[in-house]
Number of protein chains: 2
Amino acid sequence: MSILLKNVTLNDQITDILIQENIFKNISPDQSSYADTTIDCRDKAILPAFYNNHSHVPMSIFRGIGDDKELFDWLNNDIWPREAKLTPEMIYSATKFSILEMIKTGTTFFSDMYFCMDAITRAVADMKIRAALSFGACDLFDADKRKSEIAKINAFMELPNPAPELISKTIGIHAVYSASPELIRYNVELAQKNKLKIHIHACETAKEVADCRQEHGCSPIVYLDKLGALSENTILAHSVFLDDEDIKILAEKGVWLCTNPTSNYKLSSGVFMLQKLLDSGCKITLGTDGAASNNNLSMIEEMSICALSAKIQDNSPTAGTASDVFNIATHNGAKAFDINAGEIVEGKLADCILVDLNNHLLVPNYNLISNMVYSADSSCIDTLICNGNILMQNHHVDGEEELTANMKELSNFFKD
Amino acid sequence: MSILLKNVTLNDQITDILIQENIFKNISPDQSSYADTTIDCRDKAILPAFYNNHSHVPMSIFRGIGDDKELFDWLNNDIWPREAKLTPEMIYSATKFSILEMIKTGTTFFSDMYFCMDAITRAVADMKIRAALSFGACDLFDADKRKSEIAKINAFMELPNPAPELISKTIGIHAVYSASPELIRYNVELAQKNKLKIHIHACETAKEVADCRQEHGCSPIVYLDKLGALSENTILAHSVFLDDEDIKILAEKGVWLCTNPTSNYKLSSGVFMLQKLLDSGCKITLGTDGAASNNNLSMIEEMSICALSAKIQDNSPTAGTASDVFNIATHNGAKAFDINAGEIVEGKLADCILVDLNNHLLVPNYNLISNMVYSADSSCIDTLICNGNILMQNHHVDGEEELTANMKELSNFFKD
């Protein structure tokens, strides 16, 4: 399988790009080699696709339910009662629909934490996107529940992987307030033994940090470090409330911090210290969180809010530059999961988007990266290629009408 | 001229809507009356269009120039030298292109402050959108410049209005730090004499307020009030830094406050106190500011940032509700300029958008207003009708390819 992108704009230059199997094979102008598919890319620019580092993708089924409420009112009365009614088939359909949304908004990879891992894994394989999937282990400090959680983790570990090239398993630890130290240790050992990434919600709210200090006498970061959970194979979602000691540990250990600014604003959790963490040498990625608290999975919108938030927080328009934020959303997001992608460079995995340089939001085009971060929306994305497969072309994804109709029908079940 | 919208979704019910001339004439199901144009609106919902209450629309020509810089570095080195090179024909073309962007993102009205009023007026009339246009009077406290500014104001007042149904003239006062009290008084009298709205930048930055207190011994709001500039015919852009005395005056006088959150974040000016001002009885509208500091003219994106910002500021997810923000962006925006629109109600002016209920960002559809504020982007907007004229259908605006090609060519002149 090969794709030839003719006359595509890369870094303001027009060139040709040959994709062979799943790799950018040859980037040079005027190529005449045969390819199975040739795409005329005049007036289109190629960019890395986005790597969404934290999500709960099936939750798109709850998009727009119970907005503008206090967190626990929303969780207790809107989300948890509905989540309890989800069947594996609903999760399968909702995941496929969410992946459609990610493709439409330029994303080729997501790192997820949820349950019903079999359903989610099948959906990812069917949609041919990349994902790092974790079960969000959470025993609520109860020994019986711990047993059943460990059984689910082990079942997930034994689940056959239908697309090893695209899907990796990761170890999910819900959070220090919901997982016991025994469960955390079990997960850490499992991750080390199997060389898997660890995905944890950490320091999302001031309450989480205050409670941890009261219970364990230290911050969630110090506590997780004591339990051996922090390394360059760890991705911490949110990471809003960090003190200087935390930051030092995170930078030294090379832990990845995934910021989710829209969710943090919408739930009024707090503001991620983007520029300070960058300046401290921390490694940063970007994620949307679930669509129930965002309310979409668009990394384009997430980039904009990430950059804007950094500026207001530092009281400086020089904080959170477009190029830093774009790098965080693309190259860093791939790197955190050891995916050799996120850059349009020969030898890298062929994940990319083609954007329409005639879209009004990208005109004028003095600086394409600035336009993507501050101006673009999903209407700019024409084509998405993941692992050498064309998943969207001319704004259309195969089967999208059916996936959408399915989701509309499913959602009737959750209306009041 | 009449349009029949068949089977359109309005407030979750399917109905027909007859537009006659520029008015919603009949809203009821199963209409069989003849219409010049009939649109099949199955799977489309009708919503009010957006009313952008503060912009500098020609500045789209500078989109993405000098981002992520300190304000005065950006103005001195990037914007002002380029603005000095703008010709009336460039402003005409740039305005038409910006109106294209507004149509594509669902806006039927903008209130603007700029110069070359003849060029801007022609562009608005050609594009058939609504606008309230002001010349941004600014004498920098210099008597000679005041004379020439007054001459320009008077010339604008005498300029024939090619589309009185769509275009209103307003009186622009740049700001208290750039316009002398004499110029402000002249403008206030002119506005009162001609029953025109007054459009002023006020309290955008902490420096503006501190300087005003030092120079005049009071806040910009108290100062403007002393000069007679504040009434229900006044629209103040930005209004970030307000104290309790200011808020009391603004609520009592019924002054309209136009928030521009993206610009305030991007330039790190400060955060508008949305919920506090709503709770204090102030009247609020929404605007994008110019695309040089946004960097687009999308009111959909602006709504999302407005709501998110309100929540983080108040440390409460209940602040800045989707319904309040949607009302601010639509009904309030029309009301501030005495336009009998902003609601889909019989007898109101026929300004509206049709959104695609099969767009992934609007599915599921538990709450369309929430979806519009927190999830949607321009890809959701299929059709735009302004004053009974269809300006966009099936995502396409007549002549958009030419407008875009023009803007691309023009922008070559401003590249480094």
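The sections below set out a description of the structure shown in this document. Here the residue numbering is sequential within each chain, running from 1 through the sequence in written order. Numbering of ligands from 1 and lettering of chains from A proceed in the order in which they are written. The predicted nature of this model means local features are confined to residues of pLDDT at least 70 and side-chain atom pairs, given and counted, to a pLDDT of 80 or more, with totals for whole chains, interfaces and linings taken over all residues. Hydrogens and waters are ignored; side-chain quantities use all the structure's heavy atoms.

## Things to note about the relation of the copies chain B and chain A
When chain B is fitted onto chain A, the two copies agree to an RMSD of 0.0 Å after a turn of 180° and an axial shift of 0.0 Å. Within this description, the copies of the chain are treated as partners about a two-fold rotation axis. Of the C-alpha atoms belonging to chain B, the one lying closest to the rotation axis is found on Ser379(B), 2.6 Å away. Comparing interface residues between copies, 100% of those in chain B also sit at the interface in chain A, which points to an isologous, same-surface contact. A least-squares fit on C-alpha atoms brings the copies together, and the residues used are those whose pLDDT is at least 70 in both copies. The contact criterion used is simple: two residues touch if any of their non-hydrogen atoms lie within 4.5 Å.

## Concerning the packing of helix H2 (residues 88–104) of chain B against helix H14 (residues 400–412) of chain B
All names here are of chain B. Think of each axis as a best-fit line through the C-alpha atoms, taken over the contacting stretch in the case of a helix, with angles from 0 to 180 degrees between the N-to-C directions. Only DSSP runs of H or I reaching four residues or more are called helices, and only runs of E reaching two or more are called strands; each is numbered from the N terminus. The N-to-C vectors of H2 and H14 enclose an angle of 130°; their axes lie 9 Å apart at closest approach. By the criterion of interaxial angle, the relationship of H2 to H14 is oblique. The element H2 and its partner H14 pack so that their crossing is left-handed. Residue-level inspection shows Met90, Ser93, Ala94, Lys96, Phe97, Leu100 and Lys104 of H2 in contact with H14, the latter providing Glu400, Leu403, Thr404, Asn406, Met407 and Leu410. Gly is put with the polar residues, along with every residue not named as nonpolar or charged; the nonpolar set is Ala, Val, Leu, Ile, Met, Phe, Trp, Tyr, Cys and Pro, and the charged set is Asp, Glu, Lys and Arg. Residues that form the contact of H2 with H14 fall into these classes: seven nonpolar, three polar and three charged. If an angle is under 35 degrees, it is roughly parallel; if it is over 145, roughly antiparallel; if it lies from 65 to 115, roughly perpendicular; otherwise it is oblique. The hand of a helix crossing depends on one turn: near helix anticlockwise from the far one by less than a right angle means left-handed, and clockwise means right-handed.

## Considering the pairing of strand E1 (residues 2–10) of chain A
Residue and element names in this part refer to chain A. Residue exposure (1.4 Å probe, protein chains only): buried if accessible area is under 20% of the type maximum, exposed if over 50%, otherwise partly exposed. Counting buried residues in E1 gives seven out of nine residues, a clear majority hidden from the surface. The pairing criterion is simple: DSSP has to find at least two bridges between the two strands. Sheet topology note: the E1/strand E2 (residues 13–20) ladder contains seven bridges and is antiparallel. Along E2, the bridge assignment pairs Val8 with Thr15. The antiparallel pairing of E1 with E2 creates a hairpin that spans two residues between the two strands, and Asn11 there sits at a positive phi of about 50°. Pairing geometry for E1 and strand E4 (residues 37–40), over four bridges, is parallel. Its bridge partner being in E4, Leu5 is matched across the sheet by Ile39.

## Let's talk about the interface of chain B and chain A
Residue-level contacts link 65 residues of chain B with 65 residues of chain A. Regarding the contact of chain B and chain A, the summed buried area is about 5000 Å², with carbon and sulfur atoms giving 59% of it. When residues of chain B are sorted by the area they lose upon contact with chain A, Asp68(B), His360(B) and Tyr366(B) head the list and together hold 16% of the total. As used in this structure description, the phrase polar contact means that two N or O atoms lie within 3.5 Å; if the pair is within protein, one of them must be able to donate a hydrogen and the other to accept it, and residues adjacent in sequence are counted only when both atoms belong to side chains. Viewed at the interface, chain A and chain B are joined by 30 residue pairs in polar contact (both at pLDDT 80 or more). When residues of the side of chain B that touches chain A are assigned to their parent elements, the largest contribution, seven residues, is made by helix H11 (residues 299–314) of chain B. Among the residues making up the side of chain B that touches chain A, the classes are represented as 22 nonpolar, 29 polar and 14 charged. Once two parts are put together, the accessible area they lose, assessed with a 1.4 Å probe and summed over both, is termed the buried area.

## Some points on the pattern of salt bridges
All names here are of chain B. Within this document, salt bridges are pairs made up of a side-chain nitrogen of Lys or Arg and a carboxyl oxygen of Asp or Glu, the two lying within 4 Å of each other. Per the counting criterion, the structure on display carries 44 salt bridges over all chains. In this structure, Glu89 engages Arg122 in a salt bridge whose closest nitrogen and oxygen atoms are separated by 3.0 Å. Taken as a pair, Glu89 in helix H2 and Arg122 in helix H3 (residues 117–127) lie far apart in primary sequence, 33 residues in all. Residue classification places Arg122 among the partly exposed residues on the basis of a relative accessible area of 32%. Here Arg122 and Asp118 are joined by a salt bridge, their closest N and O atoms 3.9 Å apart.

## Examining empty space enclosed by the protein
Empty space among the atoms can be located by rolling a probe the size of a water molecule over them. Buriedness for pockets is judged along seven lines, at least five of which must meet protein on both sides within 12 Å for an open set on the 1 Å grid over protein atoms alone, while cavities are sets there where a 1.4 Å probe fits but cannot get out, and lining residues have an atom within 4 Å of a point. Grid points are joined across faces, edges and corners, and a volume is the space filled by probe spheres set on the points. A full pass over the atoms with the stated rule returns six cavities of 30 Å³ or more. Each pocket or cavity is described by its volume, and for the largest cavity that value is around 150 Å³. Lining the largest cavity are 18 residues, and of these Glu301(A), Ala376(A), Asp377(A), Glu301(B) and Asp377(B) lie nearest its centre. Considering each element in turn, the lining of the largest cavity owes the most residues, three residues, to helix H11 (residues 299–314) of chain A. Grouping the constituent residues of the lining of the largest cavity by class yields seven nonpolar, seven polar and four charged.

## Let's talk about the nonpolar core
With 247 residues, the main nonpolar core has Met372(A) and Met372(B) as its most contacted residues. When neighbours within four sequence positions are excluded, Met372(A) is seen to be in contact with Leu47(A), Phe50(A), Ile300(A), Met303(A), Phe326(A), Ile353(A), Val355(A) and Leu362(A). Each nonpolar core is a collection of buried residues, namely Ala, Val, Leu, Ile, Met, Phe, Trp, Tyr and Cys, held together in the definition by side-chain atoms within 4.5 Å.

## Quick word on the side chain of Ser60(A)
Among the secondary structure elements, Ser60(A) is positioned in the loop between strand E6 (50–55) and helix H1 (71–83). On the accessibility criterion, Ser60(A) (0% relative accessible area) is buried. Every residue in contact with Ser60(A), bar those within four places of it in the chain, is listed here: Ser98(A), Glu101(A), Ala291(A), Leu297(A), Met407(A) and Pro364(B).

## Digging into the sheet that holds strand E9 (residues 167–173) of chain A
Residue and element names in this part refer to chain A. As summarised here, the arrangement of the eight strands in space is E6-E7-E8-E9-E10-E11-E12-E13, forming an open sheet in which the pairing is parallel. Each end of this open sheet is capped by a strand with a single partner; those strands are E6 and strand E13 (283–286). With direction set aside, neighbouring strand axes in the sheet form an average angle of 25°. Examined bridge by bridge, strand E10 (residues 198–202) and strand E11 (residues 234–238) share five bridges and lie parallel to one another. Its bridge partner being in E11, His199 is matched across the sheet by Ile235. This element, helix H4 (residues 143–158), spans strand E8 (130–137) and E9 of the sheet and lies at about 160° to E8.

## Concerning the sheet that holds strand E13 (residues 283–286) of chain B
All names here are of chain B. Spatial strand order, E6-E7-E8-E9-E10-E11-E12-E13: eight strands in an open sheet with parallel pairing. On the outer flanks of this sheet lie strand E6 (50–55) and E13, each paired with one strand and no other. Pairwise comparison of adjacent strand axes, ignoring direction, gives a mean angle of 25° for this sheet. Of the strands in this sheet, strand E8 (130–137), strand E9 (167–173) and strand E10 (198–202) touch helix H5 (residues 181–194), which is tilted by about 155° from E9.

## Describing helix H6 (residues 206–216) of chain B
Residue and element names in this part refer to chain B. Inspection of H6 places Glu208, Val209 and Cys212 among the buried residues, and these make up the whole buried set. When H6 is viewed along its axis, its buried side chains cluster within an angular range of 95° and face the same direction. The exposed residues of H6 that point more than 90 degrees off its buried face are Lys207 and Gln214. Where H6 is buried, its residues contact E10 and helix H7 (220–226). Regarding the arc, it is the one traced by the directions from the helix axis to the C-beta atoms.

Purely spatial values, then, with no claim about function.
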